[in-house]
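Single-letter residue listing:
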Amino acid sequence: MRLHQLTVTAFGPFAGTERVDFDELASAGLFLLRGATGAGKSSVLDAVCFALYGEVPGARKGNPLRSDHALATVPTQVELELTLGGQRLRIVRSPEQLRPKLRGTGLTPMKPETLLSEWVTDTGEGEPGWRALSRSHQEAGEQINRLIGMSREQFCQVVLLPQGDFARFLRADTNERAKLLRQLFDTGRFDQVERWLTDQRTKHEATVKEGRQRLYSLATRAEEAAGATAVPLAEQVPEHAGAVEFLGWAAILRTDAAERATVAALALDAAERGHGAAQQALQRATELAGRQQRHRQAVLAAGELAHSADRYRQDRERLGTAQQAATVEPVLRHHAAAATAHIAAVRAEQHSRAALTGDADADASQLAEHERELRAELGRLDAARADEQRLTEAVREREQLGHELLRAEESAEDAADWLTDFDGRFKRLQERQAEARTAEARVEQLDARRTELRSRLTAAAERDRLRTGITTAERELETLRAAANDARERTLDLRERRLTGMAAELAGRLVSGDPCRVCGSAEHPAPARPADGSVRAEDEQRATAAQQQAERHRDTAEQALLTLRVAEAKAVGAAGDQPAEQLRTALAEADRQHREALGSADSLGQLDRQIDRLTQEQTTRQAARQEARLRAAALTTRLGSLTAEQRALTTRIGAVLGDAPSVAARSAALSTLADAVAATLAAVRTRAEAESRLGAAELEVTEVSARAGFASSAEAAAALLPAPEYRALQDRVERDRAEREEVERRLAEPELVSAGALPPVDQAAVQLTYQQATARLREASAADSAARQRTAALGRLGRQLTELAVALGPALEQYERIKRLAELAAGTSTENALRMRLESYVLAARLEQVAAAASGRLVRMSSGRYTLVHSDGRAAGNRRSGLALRVVDAWTGLDRDTATLSGGESFFASLALALGLADVVTDESGGMPLDTLFIDEGFGSLDEQALEEVLDVLDGLRERDRAVGIVSHVADLRSRIPAQLLVHKGRHGSTLRLADREEH
């Protein structure tokens, strides 16, 4: 990754737009970012990080991105050009910020934006240029992260080497060091493996615990199934016994149960034999008692049947007569139905003839002829009915067309009235539109006028203020000039007086025996005496100092007056000589005119829409008027046709109507009369058919009654029985017959006769013997069933215990294996001698690579004295093992803690560690070359020799084609690093520029 150009606008301390050309700055390999404290050196690095990741480094993440010095109308933006993976890219990012509203006053939030572009040789128009890759904030971030291959934390650690972080990393304990290494090398997956092993251990432990509980539950059930005589579980199986002890105890239970089952089976066999003999004896006694009982009942029944012999004979005779009459019953029912139908037909014929007026005595042929005539006349009325219906429709249609014609004429008149007033309305809107457009142009003119007046008013206020200041400054300057002249005159006076009294001053310095400074004589016979008010050198010096101070005050006042006059001239050039109050009045008038013009201009859009709507309405009204006129002409033609058709229909209908009010009434009357004739004809025919069927039925019933042995049909009808009485009589005769036959059969059976001759059976004694045998069998059977159930249950539970023990074996083995792995990965196993977790082991390997990469540079920086080594010694307490760093001192041959290094030694040790970590992280992230590095680290703790060695190491980074930027304000670096970027801070924000050689 190589940076080419960075442009920041309203970002951090930079109020305006500042550009950094990294290609020119990094051409020498090393370059320096210098400036006063708080000027914004680190903000340059923040801008690079923000362009790539949309965030600044973590230590400054909470700081606001927008410059407090920037104008509200200038949006915050960072643009970075760089090369990533062989692609030259341009990233333009804007954070979430507030901007002025387009309408009205106040601020409105602006969402963050990102534009990612790529430099291509052909944009599709045959020329090179930038081609947009993404405008999505999220999508652009994902593409940049994919190309860099490092997270923001990794980038800030290996590209923007942070100030002080690696000195803390060098002295940190193992836990703090692990946090940073975990962020840089993404070893979270190993921590996930540790947690997964712990979860698996917990899960398998639960499975094993559940298996043991199921094993004990089965054993408890086996103990319950074995009964009270079984060997207790607690006596044979210890509390923490294995599956083998449970299986042995279960085998003992099954053996004991099998023995008891054999004894119960033998007892059951003996009880079954005794019960069989008792059952046979009871069966024989019961059968004999039953035969004796049936014989006694047959004798009693024979006596009762002898008393009811006459009733039985009468019932048989009555049943025979009823059976003969039953053969005549269908014919009797047929004759009765024919008689009923004949009576109904006669009554229907009388009723139908009563409805007729002129044909009451007509026969069937006359009625049929009359009906045909009526139907023919109805057919002729169908055509007249259609004409009558069409006449009604024509009348209704004429009425409807009349209404439509009236509406069409009204619509045409409305459209014509509207179009008459169109030109006037259209002209008025055009005039208002022209006025609004004039007002719109005047708004722009007034905007410029208002801006000019505001500027002149501000300049006039400044002009008046400066003139007041100039007047005051002139008075002060006159005073200071007079004071300076007075001081000068006093100094000259004192100097002259001192020269006059110089002999006395020299005489005052003579010492007896010392040569005179003027003549060299050692004798001083008549030294001069000082006169009254003589001036000493101190007096002259004080006067000279007072004169110089007064002259400085005068010069300062003259310069301030000159500055005020220059500013006043500039203000006069901007404001002119017009008074501020006149300018203020002119501005108020311009504001008023602007408001009025703006109000008129705002109505321009509404007037345009009104003109468009009016034009559209004109087109619509013209089309409506034309359509209404065409519709009215068509309706007039149609009304004439309907009038002629109505007259023709009226003539045809009158020809067939007669005296009836309408064709429908005439047709209804004829239809009613035809239906009455048809009904009478049908009734005449039905009555004739009923007479014929009645005569045939009378002949048939006479013949059938004679064949059945009855003198007449009335006698046969009298012999009939209702169905319930017939069935009841038949059932009674059948029961009496069957009962007599059954009694005779039983009295003739040899077994009953022989049983009746024997003495009665003692059935109670035989029953008691049987009950006793049954009770013995029940007890034996229950004991045998219980023994067999116990044996089966113990066998089933034994099999379940065996299956569970077999199934639990692999689970126990797997649990032990998972438990061993989990303890080993967590560092709690005795096999883990260093108590090092799995993630710590991986981090230790990475730290060992970092120490090896850092040692090469540390040896050069320390003139071959120090080497960094990784230590995997056990840490005290609960701290991690395997993440310790030691420094080997070649002068003593001993290794010691990194905390014992001095300030300068700690700096270049931490710098070497940072560069080594950058190399390892770069290789870890896929080998993305990092062609530009920044070191935001203090160099002030280094002496001249150490600084020279550190710079040699940094200069050696160019071997990997790297450019290294150093962020520092150390003075010695200015002369050692020619390429420099100056960050200058001021009251209105910071600025950036490349330093000239004369500024080093």
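In short, a report on the structure. (Residues numbered from 1 in each chain as written. Predicted model: local features only at pLDDT ≥ 70, side-chain atom pairs only at ≥ 80, totals over all residues. Heavy atoms only, no water.)

Some thoughts on the overall build of the protein
Our working rule: By definition, any uninterrupted DSSP run of H or I lasting at least four residues is a helix, any uninterrupted run of E lasting at least two residues is a strand, and each is numbered from the N terminus. Classification of residues uses two cut-offs on accessible area relative to the type maximum, computed with a 1.4 Å probe and protein chains only: under 20% is buried, over 50% is exposed, and between them is partly exposed. What makes two residues a contact is simply this: any of their non-hydrogen atoms within 4.5 Å. We get accessible surface area from the Shrake-Rupley algorithm with a probe of 1.4 Å; when it comes to residues, only the shown protein chains can shield them.
Across its full length, the protein holds 26 helices and 17 strands. Burial status across the protein gives 37% buried among its 1000 residues. For the protein, restricting intrachain contacts to residue pairs at least 6 apart in sequence, the fraction spanning at least 24 positions comes to 74%. With an accessible surface of roughly 57300 Å², the protein has 51% of that area assigned to carbon and sulfur atoms.

Describing unusual backbone geometry
At Ala10, a position not held by glycine, the phi torsion is positive, near 55 degrees. Structurally, Ala10 is set in strand E1 (residues 2-11). For Ala10, a relative accessible area of 0% translates into the label buried.

So, the environment of Thr563
Here Thr563 is to be found in helix H15 (residues 537-575). It is 9.9 Å that separates the C-alpha atoms of Thr563 and Leu466, two residues lying 97 residues apart in sequence.

Here we look at the pattern of salt bridges
Test applied: Counted as salt bridges are all cases of a side-chain nitrogen of Lys or Arg within 4 Å of a carboxyl oxygen of Asp or Glu.
Under the defined criterion, the tally for this structure stands at 24 salt bridges. Arg481 is the salt-bridge partner of Glu558, the closest N and O atoms lying 3.4 Å from each other. Residue Glu558 is found in helix H15, and its partner Arg481 is found in helix H13 (residues 422-500); the two are separated by 77 residues along the sequence. When its relative accessible area of 30% is taken as the criterion, Glu558 is described as partly exposed. If you follow the salt bridges from partner to partner, you end up with Asp447, Arg450, Arg454 and Asp591 in one network.

Brief notes about the sheet that holds strand E13 (residues 894-897)
Convention followed: Think of it this way: DSSP has to see at least two bridges between two strands before they count as a pair. To define axes, lines are fitted to C-alpha atoms, for helices over the stretch in contact only, and angles between the resulting N-to-C directions are given on a 0 to 180 degree scale.
The strand order across the open sheet formed by three strands is E11-E12-E13, and the pairing between neighbours is antiparallel. For this open sheet the edge positions go to strand E11 (866-871) and E13, each flanked by a neighbour on one side alone. Pairwise comparison of adjacent strand axes, ignoring direction, gives a mean angle of 35 degrees for this sheet. Strand direction decides the pairing type here: strand E12 (residues 884-889) and E13, joined by four bridges, are antiparallel. Paired with Arg886 across the bridge in E13 is Asp897. Packing against the sheet, helix H23 (residues 838-861) makes contact with E11 and E12, and its axis sits at approximately 175 degrees to E11.

Let's talk about the sheet that holds E1
A sheet is described by the order of its strands in space; here six strands give the open sequence E2-E1-E4-E5-E8-E9, paired in antiparallel fashion. The sheet is open, and its two borders are formed by strand E2 (14-21) and strand E9 (129-134), each paired with just one other strand. Direction aside, the axes of adjacent strands within the sheet are offset by 20 degrees on average. Strand direction decides the pairing type here: strand E8 (residues 113-120) and E9, joined by five bridges, are antiparallel.

So, the packing of helix H10 (residues 309-326) against helix H20 (residues 723-748)
Put simply, the rule reads: In this scheme, roughly parallel covers angles under 35 degrees and roughly antiparallel covers those over 145, while 65 to 115 is roughly perpendicular and the rest are oblique. Should the near helix be turned counterclockwise from the far one by less than a right angle, the crossing is left-handed, whereas a clockwise turn marks it as right-handed. Following the grouping adopted for this structure description, the nonpolar residues are Ala, Val, Leu, Ile, Met, Phe, Trp, Tyr, Cys and Pro, the charged ones are Asp, Glu, Lys and Arg, and the polar ones are all others, Gly among them.
One can describe the packing of H10 onto H20 by two numbers: an axis separation of 10 Å at closest approach and a directional angle of 135 degrees. On the basis of their axis angle, the class for H10 and H20 is oblique. The hand of the H10/H20 crossing is left-handed. Note on element contacts: H20 touches H10 through Tyr726, Leu729, Gln730, Arg732, Val733, Asp736, Arg737 and Arg740, opposite Ala309, Arg311, Tyr312, Asp315, Arg316, Arg318, Leu319, Ala322 and Gln323. Tallied by class, the residues present in the contact of H10 with H20 amount to seven nonpolar, two polar and eight charged.

Brief notes about the environment of Gln430
With respect to the helices and strands, Gln430 occurs in helix H13. On a C-alpha basis, the gap between Gln430 and Gln610 in space is 10.0 Å, while along the polypeptide they are 180 residues apart.

Some remarks on the packing of helix H2 (residues 41-53) against helix H3 (residues 137-148)
For the pair H2 and H3, the least separation of the axes is 8 Å and the interaxial angle reads 110 degrees. Considered as vectors, H2 and H3 are oriented roughly perpendicular to each other. Residues Ala51, Leu52 and Tyr53 of H2 lie in contact with H3, whose contacting residues are Ile144, Asn145 and Ile148. Across the contact of H2 with H3, the residue classes tally to five nonpolar, one polar and no charged.

The quantities given are spatial measurements derived from coordinates; they are silent on function.
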